[in-house]
Structures are given as structure tokens and as C-alpha cells.
Amino acid sequence: MELIKDTAQFEEIYHKSCHQPELFWDEIASGFTWKKRWDKVLSWNFTEPNIHWFVNGKMNITENCLDRHLPEKSDQIAFYWEPNSPDTSPRSFTYLSLYQEVNKVANSLKQYGIKKGDRICFYMPMVPELAIAILACARIGAVHSVVFAGFSAQSLADRIEDSQCKMVICSDYNDRGAKHIAVKQVVDDALQFPGCQCVENVLVYKNTGDEVTWYPERDLWWHDVVPNQSNECEAESMDSEDMLFILYTSGSTGKPKGVVHTCGGYMVYTSYSFKQVFQINEKDLYWCTADIGWITGHSYIVYGPLLVGATSLMFEGVPTYPDAGRFWEICDKYNVTHFYTAPTAIRALMAYGNSFVEKYQLKSLKVLGSVGEPINEEAWHWYNEKVGKNRCPIVDTWWQTETGGIMISTLAGITPSIPSYATKPLPGIQPVLLSADGIELEGNEVEGLLCIKFPWPSILRTTYGDHERCRQTYFSLYPGYYFTGDGAKRYKDGNYRIIGRVDDVINVSGHRLGTAEVENAINRHPHVVESAVVGFPHDIKGQGIYAYVIPVDFNIDETILKKEIAEVVAKQIGAIAKPDKIQLVSGLPKTRSGKIMRRILRKVAGGETEGFGDVSTLLNPEIVEEIKDGAV
Ligand code: WT7
């Protein structure tokens, strides 16, 4: 796969990708190892939806991540691993050693009865064994469902139950910053739920060595099972459209849904987008600071870099441990060339002042990336000046769990970056802006709902176990389009600026949460009648969580109730979903049909005191004054 060289070539390739998409993707897919070539590049409709890429092609993504690079890259480092504590020894894996480790784990999974199509749930810290086991799973055709290890036992149980996982892979504990987290205990708690009977074995990687409760009929130590296995394991032949993984994500309604990605298209698109956006070359050292528990980690820590045969870095810890210079220290230590992080991390580090970042040279850096939420101009400029020393292009990459890979972004050093703009769609991506009534807005200087009108190889195929939910969520509101849930503006030269979600999804520090999900958790508190949750602008997190709560009665200790509500949310979902602000109210603004008028709640939460528009249609207009007066 050739790197795009300049703007003119980008325009030419983009044009081709829209006018001859099948030819365009056929050529790119031909650069991979297939066990059997496809009969047809694409067959699709957005009505059911039913999308097939590389129809009847047979392959295995791990052969493309590992075997394909041997023997030439046997001794090249596939990834370095930097531990949470600078006092622990770092580790590294060459392409050969990674290949062997993956095969050993793959054979272990087989030994315990895991077969093609079985689901395995992962609940692991950022240790190399997480990446290894994910690849092992893909090697034998099992489906991975990684759950971010900050989620609660309840959330973990919901996800295990929804996809009926046969095995859970976890660690004993996790050291994260100064925290010591009992990972296996959360798994043990989750498996107490009646819906989790499907789990036959728990494979436990000994990470810290602290004591754990052991269930001998169910639990397996990694070190007992893995080392004795053969380091060869044939890669299962997978159809392009066989499921590769499930990743749960929040939407505006109900419980999180399992977004399904399939083998062939996901492989082609993550690899293509990774290479073109970051302009990766031999000898580069790429570091993405995300957690593998999110899509960024799947596509651009595990699969993308290995598919292109790059060398990358995986980091176990947090940006502020032992101090706020850790990211920059690591960049200098490994001579990182490509650094990819989230705006929330940049803003958090900015708040510590410049002394930490100024202590380091950062000479090796060539490209900086941003992902997860809109990056505000102040953070963009700090990133550009203090980290990139005004000489590194910034790629602001817009995409989603559902898109599998980067959709709108600058190509580093090729197309121009503009502060706070994601800029242009990648080749193969055809975005449109729609008016609220579904009309395509033409030209530039327009704002609308961001939709995509043609499939790309890594578009989600379904939501696990509930195809109708997939259709309704993404393909029904504006028939013929994939609806992203984001609003965007298009400026001159066709550059896009993402405004943010237009639905009831909030983005807290780059983590996606549904307001309904948080409300359901709050409502479990026995002293709560009803609640409404909205996002509000937050200096570090991007958005914070503001909860309006109607208590059973006001004759209570407010501080205690608020604390308990936060605890209920942490228990139901995880600490990331704890409200930043809770306001006790006697009622919520409701329309005559009983719908909460969230527009008003968002304004109050955002600190606004006027411009509430006509509230006379409310059932209880008097409540607006009370809510304004009681804002926290
Ligand atoms: C939502 C998707 C993509 C991986 C991490 C998040 C927001 C993401 C950007 C960006 C503005 C962004 C959108 C999107 N978002 N990247 N560069 N600029 N907004 O994945 O959890 O599925 O969330 O994150 O609102 O819809 P996710």
C-alpha cells in the first residue's frame, strides 16, 4: 500500500474512491494475505441494513498481523510495553515472539474447548497479555468482547450475559497510577449474577501476585496453561463477514449495545486508515495512549499497527503518575515519533502548567493525533506549541465505535490541519450534512446532521443479538444513510468541523455514556422518584454529568443523599459515570405528552440564565424558575 504523497494525489484518490469504490477497495484489499479471494467486492443496502465486503473471501486477520511479516520482520519489535511504575521493568515483543505467544494462547483456548464463533470476554488492565490474548482469540475464530476494566461488576455481567460468553480472561489485580485494583474480584462478583451461567472458565493472568479467591472448578492460571503449549497454531479460515469482535457502546436509549465488526472489512480499513492518516514509515515509533477497552485501542493499538508491520508502544499507566511529565518522559525514553491521545488528557496536563512538558526534549516527535471528542482551540494550540514545538502536524481524527476506523481527518503532513477541525473525509468515506427533515445540504458554510451515504469496509454490521436495534438506531431516521448522531459544519474547501452529539449521548473525557443509562442507575436509589441527566461544558472532561433528581421527600440530609447517588451510579455502571453535579428538584419540566424538555435542563446546567424560549407549553412551567434558582 502506497502512502498518499501530496494534496493533488489525495484529491485524485478521493475522487476515484467515490466514483469507483469497488475498484478502489479491490486494489487495497489485494495487498493482504487471503486464503481465498473474494467473488465480489461489495453488496449492500442501508435499509435492512445488509452489508457485505469482500464477499466469500477467506482469511484470518492474525495471519496478516503476524505471519505475513515473517521472516523479514522476525527481529523487529512489534511493540514495547512501558509499565505503570517507572521502577518496574519494561518489556518488548518482536514479531516472532509475539507470533509464538499468540499461538500458545490460541492453543490454550482450544484446549479448554473454545471454538470458532464462541465469545470470550476480556476484563484486563493494559498488559501485553491483553493484546496477545485478543489476537489468540482471533486466531482460532473466537469472538472477543473487551470490557473496559473500569466498568462495574454489574456492567460486566450485563455484557457477558448479552453475548453469552463462554470464557472470561482477566488479571488478578491492576496497578493504575497509585491505585491498586482488585480486577478478578470484579469478575467473581459479575459471575454471581444468574445471567452469567454461560461462563465455563476464567483464565487469570498473574499480574501483581496478590492473593485472590480461587474457584478451582472454574479458574485457570495463565502460567499453568499457556507456557506448555506449542508455539504453532494454524489460523482458522474465516469468512470476510464472520464476526471478529463485539464492543459495547452507549446510545441514547436503553442498555449499551454490542457493536459487531467483521474480519475482512475491518482488517482492510483499519490498516489503510492507520497508514494514511499517520503516514507511518519503517523506523517510526507509534504510541497511542488509549485503553484497549475502547475502539481506539482495538483499531489503533492492536490491529492497525500490527497489520502494517509497525513498531508501537503500549503503556499500562496514566498521564499523571508518578507526575504530570510521564507522557513526555516516555516520548523521550523511546524516541516516540507518532503520539496519539485524547483532548481530555491534553487539557488535564495543560492544567499542571508548562514546567512538566518543558523538562523534556520531545525531539523525536513527528506527528501528533487527537481523538475522542472535539478539541478546543486552546488545547490544540498548547499541543501544537508545547508538545509539537510548532513542527508536528496534528491529526484531529473523527470516528466512532461503529465506524471501526478514522473517517474524517487530516493526513499527517499531506493535507493541512486547521485548529479544531477534523478537516476532510478519508478516501472511501462519503459524508453528507442533512437538515432536520432529511434534506442533503449542498455547498459549504452549512451546518447539519452528519450522515454517511455509502458503506466503507469497517462500518458496523449489526448490534449483537438485535439487528432491529441496529436498523432503528443508525439507519431508520434518515433512510438511505448511516446516521452518526453528531452535528457538524462544513466550511470552505469542504473541511468539516464536528460540533458534537445531537442525541442523548454525553462524552465525558472521551468516554461515551447514555443519559438514560445514568438515569436508570440513579433511579435505583430508594430515595429517588425520578431523575434527568444532561451534559454540561467541563474544562477538563469536555462534558461533565449534571443530574436533576426528584427525592422522595426533602426532609433528608442532602449531602448524604448525593453521595449515595454517586455510589449507586459507580456500582451500576462504573466510576466514570458518577455525576459531577446533582441538583435536587421538586419536579422536571415536562411537555403535555410527558416528555422531559431537556433543552431547558441543558441550559441551566451550562450556567445560562436566560434565553429559555417559550415554556408555556410545559405542563408545569413554574418549575423552570425553581430549577434556575437552585442551579449548582
Ligand atoms: C463519538 C464517538 C473514535 C474513538 C473514540 C470515541 C466523538 C470522536 C472526535 C473528534 C469531535 C469526536 C463524536 C463521536 N468524537 N472523535 N476528533 N472530534 N468529536 O469513540 O466512544 O464511539 O464515541 O465521539 O461525538 O460520535 P466513541
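Before reading further, recall that the structure is shown in the block above.
Residues numbered from 1 in each chain as written. Predicted model: local features only at pLDDT ≥ 70, side-chain atom pairs only at ≥ 80, totals over all residues. Heavy atoms only, no water.

With that settled, the discussion passes to the overall build of the protein chain. For the protein chain, the helix and strand inventory stands at 19 helices and 30 strands. Against the globule reference of 26 Å for 632 residues, the protein chain gives a C-alpha radius of gyration of 24 Å, in line with a compact fold. Structurally, the protein chain occupies a C-alpha span of about 75 × 60 × 55 Å along its principal axes. Within the protein chain, the fraction of its 632 residues that count as buried is 61%. (Helix = DSSP H or I, 4+ residues; strand = E, 2+ residues; numbered from the N terminus. Rg over C-alpha atoms; globule rule 2.2 N^0.38 Å. Buried < 20%, exposed > 50% of the residue type's maximum accessible area, 1.4 Å probe, protein only.)

For strand E11 (residues 201-205), a buried count of 5 out of 5 residues is recorded, marking the element as mostly surrounded by other parts of the structure. Residues Asn 201, Leu 203 and Tyr 205 line one face of E11 and the alternating positions Val 202 and Val 204 line the opposite face, and both faces are buried. Relative to E11, strand E8 (residues 167-171) runs parallel, the two sharing 5 bridges. For Val 168, the partnering residue across the bridge sits in E11 and is Val 202. (Pairing = 2+ DSSP bridges.)

Taken together, 17 residues lie near the ligand, and Asp 396, Thr 397, Thr 401, Asp 486 and Arg 512 sit nearest. Take Thr 397: an N or O atom from its main chain is 2.8 Å from a nitrogen atom of the ligand. Between Asn 507 and the ligand, the recorded distance is 3.4 Å, taken from a side-chain N or O atom to an oxygen atom. If the ligand stood free it would expose 560 Å²; the protein chains cover 96% of that surface. Of all the secondary-structure elements, those providing two or more residues to the shell around the ligand are helix H10 (295-307), strand E20 (394-397) and strand E25 (496-501). When the residues that make up the shell around the ligand are grouped by side-chain class, the tally is 6 nonpolar, 6 polar and 5 charged. (Near = heavy atom within 4 Å. Polar contact = N/O pair within 3.5 Å; in protein donor to acceptor, adjacent residues only side chain to side chain. Areas by Shrake-Rupley, 256 points an atom, 1.4 Å probe, with all protein chains shown as cover. Nonpolar A, V, L, I, M, F, W, Y, C, P; charged D, E, K, R; others polar.)

This paragraph deals with helix H18 (residues 598-605). When H18 is considered as a whole, its buried residues turn out to be Arg 598, Ile 600, Leu 601, Val 604 and Ala 605. On an axial view of H18, the arc spanned by its buried residues comes to 155°, and they lie on one face. Looking at the buried residues of H18, the elements they touch are helix H16 (515-522), strand E28 (528-538), strand E29 (542-551), strand E30 (581-584) and helix H19 (623-629). Positive phi shows up at Gly 607, right after H18, with a value of about 85°. (Arc of directions from axis to C-beta. Contact = heavy atoms within 4.5 Å.)

So, on to the sheet that holds strand E5 (residues 91-94). Taking strand neighbours across the sheet as the criterion, the 7 strands line up as E5-E4-E17-E16-E18-E19-E20 in an open arrangement whose pairing is mixed. Of all strands in the sheet, those bounded by a partner on one side alone are E5 and E20. Across this sheet, the average inter-strand angle for adjacent strands is 20°, counted without regard to direction. Two elements, strand E16 (residues 285-288) and strand E18 (residues 338-341), share 3 bridges in a ladder whose sense is parallel. Along E18, the bridge assignment pairs Cys 288 with Tyr 340. Along the sheet, helix H9 (residues 263-278) makes contact with E16, E18, strand E19 (367-371) and E20, crossing E20 at roughly 145°. Contacting strand E4 (77-82), E16, strand E17 (311-315) and E18, helix H11 (residues 326-334) runs over the sheet at an angle of about 140° to E4. (Axes fitted to C-alpha atoms, helices over the stretch in contact; angles between N-to-C directions.)

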